[in-house]
Amino acid sequence: MTTEPHSDPDVYSAFEGDLPGTVTPSALRRRLRRYVPALVLAFLVLVVWELVVRVFDIEEFILAKPTEIYSTFLDEFDTVVEAGWTTVREALLGLALGTVFGVLAAVATARWAGLREGLLPFAVAANSIPILALAPIANQWFGLTSITAKAAVVSVIVFFPVMINTVRGLTEVDPGELELMRAIAAPPREVVRRVRIPNALPYFFSALKVAAALAVIGAIVAEYFGGRTASLGFYITQQAGAFKFAEAWSAIIVGSFLGIAIYGSVLLLERWAMPWHVSLRTADDR
Amino acid sequence: MSAVDIRGVSKVFGSGPGQVEALKDIDLSIESGQFVSLIGPSGCGKSTLLRLVGDLLPPTGGSLTVAGKTPHEARLSRDYGMVFQQATLLDWRSVRANVELPLEIMGASADERTARAEEMLELVQLGDFGGHYPWQLSGGMQQRVAIARALSFKPSLLLMDEPFGALDEMTREAMQDELLRIWERSKRTVIFVTHSIPEAVFLSQRTVVMSRRPGRITRIVDIDLPYPRDEDTREDRRFYDKVTEVREALREHE
Ligand SMILES: Nc1ncnc2c1ncn2[C@@H]1O[C@H](COP(=O)(O)OP(=O)(O)OP(=O)(O)O)[C@@H](O)[C@H]1O
Ligand SMILES: [Mg+2]
């Protein structure tokens, strides 16, 4: 062979260290470095916020200073963390239920074309219904202080994007890949296992990332309609109602951390499940 | 018994005013172990003919047999190694795992799969790339992986649709040499679609010339150059004569 692929070191060394699943020290440093701009920006926003409140002498019951929020957060730490613990259980339970049922419904829908024609338009329509509006009803069904009530609302919110995306992933397969499987007389079970499921994973995970954020939002907003005293949504409405904004912000901080933590876990899971995936090999990995 | 027997085959896509008559009255018989090329203008139905033989499409008329069986039976007994116009590698599998795919589906043991995959990758000069993913390879390298995959389970009939279309001239010639070596060793039947006249002449024992609208066989040129063919063949007078003959056959029906 005249064109020996390895004889072009520049092209191939670019991949070194960025191969899926390998993290060399330099790759790690590069990955960390790409968070620097975001951190700098966040810091600047806080500084400007603080300065605006101080310079214009804004009353604390209108806008609290970041430093004020921080010290309140430390004072209220046990309370907000306990509230967060309730909320995170609701969010995770709802996320798990919604994901499991979403995937099951997707598999059934992808498997039987009749179901697909009947169910999918319904699901797409249902996806645009403000499901949070069901929260008061769920509260009545399951009890105001029950974790199940909020988890039920969250699971319905999560269900639709997961189902719709997974159906697409299972059905929108490159016809060439199906032809390849047909050429080697692969039985349908093998086609599902070796082509449809791997093809669906990126669709599934992009839905799961959206769902992860929605789950925390859903749980908190569902708590606005009433819930345990120790829950983020309830705490925020109570404190904000009493103009104790620094307290409300402390709970919002906890909520943000929960959202980010769940989202981050999904990202890690995605990387683990799909070491090959396109989004993991873009230039920002370098 | 011929390896492939095509009798009065036609293929019409669609119906009504928008229908396309892709193939009309195709008769072709290929002996076992023969190397046959299909050449013709774009859209004349070469890929369609290959798909009919490989049981990926049903014919609208006529009959096909593959080693005495229907194409369907032949496909189920895994007689076909197919290389498509696109490499069609599975993105989520490493190069090695892509080559192993047919063996995996056929239930070969892990040891056997690994050994075969290594052997095939060496054959297409990609021995060092087994652990890479398809997106880390160039288009031509991907196509070579697809060839390794098609050969991995030793099918008796190779259906190749412009497998070297994405390669540069030098790699292309090297792959042609390689393909002839494999063919001479195993004596498998090969149907090879190409747009390149020299490629068709260099590789095959017979070059089937097709014309467009409807797709028909207009001439079959016997290439009686001796094997093994090598660099000297490419410079041989008789090689040039055959290239000219095929070119004229293609022109006649423009
Ligand atoms: N699935 C299909 N549905 C409808 N028409 C098709 C289909 N596949 C092919 N055709 C038509 O059949 C004709 C032959 O197509 P085919 O792909 O066999 O050509 P080809 O000789 O392989 O061309 P090329 O050299 O460009 O690959 C074309 O006119 C094409 O539009
Ligand atoms: Mg074609």
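Preceding this paragraph is the structure being described.
Residues numbered from 1 in each chain as written. Chains lettered and ligands numbered in written order. Predicted model: local features only at pLDDT ≥ 70, side-chain atom pairs only at ≥ 80, totals over all residues. Heavy atoms only, no water.

Enquirer: I tried to follow the overall build of chain B on my own but got confused; where do I start?
Expert: When helices and strands are tallied, chain B shows 9 helices and 9 strands. Relative to its length of 254 residues, chain B is compact, with a C-alpha radius of gyration of 18 Å against a globular reference of 18 Å. When the backbone C-alpha atoms are referred to their principal axes, chain B occupies close to 50 × 45 × 35 Å. Expressed as a percentage of contacts within chain B between residues at least 6 apart in sequence, the contacts between residues at least 24 apart total 69%. (Helix = DSSP H or I, 4+ residues; strand = E, 2+ residues; numbered from the N terminus. Rg over C-alpha atoms; globule rule 2.2 N^0.38 Å. Contact = heavy atoms within 4.5 Å.)

Enquirer: I tried to follow the overall build of chain A on my own but got confused; where do I start?
Expert: In terms of regular secondary structure, chain A is built from 12 helices and 0 strands. Moving toward the C terminus, one meets the helices and strands of chain A in the order α-α-α-α-α-α-α-α-α-α-α-α. Within chain A, the proportion of its 286 residues that are buried is 41%. Counting only contacts in chain A whose residues sit at least 6 apart along the sequence, the fraction spanning at least 24 positions is 72%. (Buried < 20%, exposed > 50% of the residue type's maximum accessible area, 1.4 Å probe, protein only.)

Enquirer: How should I be thinking about the site of ligand 1 in this particular structure?
Expert: Residues and elements named next belong to chain B. Around ligand 1 sit 13 residues, and of these S42, K46, S47, T48 and H195 come closest. Between ligand 1 and the protein, one listed contact pairs an oxygen atom with a backbone N or O atom of G45 at 3.0 Å. Within the side chain of E162, an N or O atom sits 3.5 Å from an oxygen atom of ligand 1. For ligand 1, the accessible surface in isolation is 640 Å², of which the surrounding protein chains cover 63%. Those elements that provide at least two residues to the shell around ligand 1 are β2 (20-30) and α1 (46-53). At 3 residues, the largest contribution of residues to the shell around ligand 1 is made by α1. Looking at the shell around ligand 1 residue by residue, the classes come out as 4 nonpolar, 7 polar and 2 charged. (Near = heavy atom within 4 Å. Polar contact = N/O pair within 3.5 Å; in protein donor to acceptor, adjacent residues only side chain to side chain. Areas by Shrake-Rupley, 256 points an atom, 1.4 Å probe, with all protein chains shown as cover. Nonpolar A, V, L, I, M, F, W, Y, C, P; charged D, E, K, R; others polar.)

Enquirer: Please explain the coordination of the magnesium ion (ligand 2) as it appears in this structure.
Expert: Six octahedrally arranged donors around a metal ideally form angles of 90 or 180 degrees; four tetrahedrally arranged donors ideally form angles of 109.5 degrees. Listed as protein donors to the magnesium ion (ligand 2) are B:S47 (OG) and B:Q85 (OE1); their distances from the metal cover 1.9 to 2.6 Å. Here B:S47 is found in helix α1, whereas its partner B:Q85 is found in the loop between β5 (80-83) and α3 (95-105), with 38 residues between them in sequence. (Donors = N, O, S within 2.8 Å, 3.2 Å for Na, K, Ca; no water.)

Enquirer: Help me out: how do you make sense of the pairing of β2(B) in this one?
Expert: Consecutive side chains of a regular strand alternate in pointing toward one face of the sheet and then the other. All names here are of chain B. Inspection of the sheet shows strand β1 (residues 4-13) paired to β2 by 7 bridges, in the antiparallel sense. Bridging from a neighbouring strand, V4 pairs with I30 of β2. The antiparallel pairing of β1 with β2 creates a hairpin that spans 6 residues between the two strands, and G14 there sits at a positive phi of about 70 degrees. (Pairing = 2+ DSSP bridges.)

Enquirer: Please explain the interface of chain B and chain A as it appears in this structure.
Expert: Taken together, the contact pairs 36 residues of chain B with 29 residues of chain A. For the chain B and chain A pair, buried surface summed over both sides reaches about 3,100 Å², with 66% attributable to carbon and sulfur atoms. The largest share of the area that chain B buries against chain A comes from B:W92, B:I105 and B:W135, three residues that together contribute 24% of it. At the junction of chain B and chain A, the tally comes to 3 salt bridges. Across the pair B:R51 and A:E179 runs a salt bridge, and its minimum N-O distance is 2.7 Å. Inspection of the region where chain B meets chain A yields 7 residue pairs in polar contact (both at pLDDT 80 or more). Only α2 (71-76), β5, α3, α5 (139-151) and α6 (169-186) of chain B provide two or more residues apiece to the side of chain B that touches chain A. Its residues assigned to classes, the side of chain B that touches chain A comprises 21 nonpolar, 4 polar and 11 charged. (Buried area = accessible area lost by both parts, 1.4 Å probe. Salt bridge = Lys/Arg side-chain N within 4 Å of Asp/Glu carboxyl O.)

Enquirer: I'm lost on a nonpolar patch on the surface in this one. Help?
Expert: Residues and elements named next belong to chain A. On the surface, V36, V40, F43, L44, V47, V48, L51, V52, V55 and F56 cluster together to form a nonpolar patch covering roughly 920 Å² of accessible area. For V40, the position within the fold is in helix α3 (residues 36-55). Overall, the relative accessible area of 44% leaves V40 in the partly exposed class. (Patch = residues over 30% accessible without salt bridge, like charges linked within 9 Å, V, L, I, M, F, W, Y side chains within 5 Å.)

Enquirer: What am I meant to see in the pattern of salt bridges here?
Expert: Pairs can form between side chains of opposite charge whenever their charged atoms are close. Within the structure shown, the criterion is met by 26 salt bridges over all chains. One salt bridge connects A:K209 with A:E270, and the closest N-O pair in it is separated by 3.1 Å. Here A:E270 lies in helix α12 (residues 245-273) and A:K209 lies in helix α10 (residues 188-224), a separation of 61 residues in the sequence. With respect to class, A:K209 is no different from A:E270; both count as buried. A salt bridge links B:R96 to B:E118; its shortest N-O distance comes to 2.9 Å. With B:R96 in helix α3 and B:E118 in helix α4 (residues 110-123), this residue pair connects regions lying 22 residues apart in the sequence. Each of A:R189, A:E190, A:R193, A:R194, B:R93 and B:E104 takes part in one network of salt bridges that share partners.

Enquirer: Would you mind going over the sheet that holds strand β8 (residues 206-211) of chain B with me for this structure?
Expert: As a general point, the strands of a sheet are linked pairwise by backbone hydrogen bonds and lie either parallel or antiparallel. All names here are of chain B. Read from one edge to the other, the open sheet built from 6 strands follows the order β5-β6-β7-β3-β8-β9, with strand pairing classed as mixed. The open sheet has two free edges, formed respectively by β5 and β9 (216-222), since each of these has just one partner strand. Going from strand to strand, the sheet's axes swing by 15 degrees on average, the running direction of each strand aside. Note: strand β3 (residues 35-39) against β8, 4 bridges, orientation parallel. When the sheet's bridge partners are listed, V36 is paired in β8 with R206. Where α1 meets the sheet, its contacts fall on β3, β5, β6 (157-161), β7 (189-193) and β8, and the angle it forms with β6 comes to roughly 155 degrees. (Axes fitted to C-alpha atoms, helices over the stretch in contact; angles between N-to-C directions.)

Enquirer: Would you take a moment to explain the side chain of B:K11 for this structure?
Expert: Residues and elements named next belong to chain B. When you line up the elements, K11 lands in strand β1. Buried charge without a salt bridge: K11, with D55 as the nearest opposite-charge side chain at an N-O distance of 10 Å. In contact with K11, other than residues within four places in its own chain, are V20, E21, A22, L23, T48, L52, P58, P59 and T60. (Lys, Arg positive; Asp, Glu negative; His and termini not counted.)

Enquirer: What am I meant to see in α6(B) here?
Expert: Given 3.6 residues per helical turn, the α-helix brings residues three or four places apart onto the same face. Residues and elements named next belong to chain B. Here α6 spans 26 Å end to end across 18 residues, near enough to the 26 Å set by a 1.5 Å rise per residue. Burial in α6 covers these residues: T171, R172, A174, M175, Q176, E178, L179, L180, I182 and W183. Measuring from the backbone nitrogen of M170 back to the side-chain oxygen at the start of α6 gives 3.1 Å, which picks out D168 as the cap. In the segment just after α6, K187 is the residue with positive phi, at about 50 degrees. (Expected span 1.5 Å × (residues − 1).)

Enquirer: Before we go on, may I ask you to explain the sheet that holds β2(B) in this structure?
Expert: All names here are of chain B. Pairing is antiparallel across the open sheet formed by 3 strands, whose spatial order is β2-β1-β4. Edge positions in the sheet fall to β2 and β4 (61-66), since each has one partner strand and no second. Neighbour to neighbour, the strand axes of the sheet diverge by 20 degrees on average, direction disregarded. Here β1 runs beside β4; their pairing, made up of 5 bridges, is antiparallel. If you follow S10 over to β4, its bridge partner there is G61. Where α1 meets the sheet, its contacts fall on β1, β2 and β4, and the angle it forms with β1 comes to roughly 120 degrees.

What is shown is where atoms sit, not what they do.
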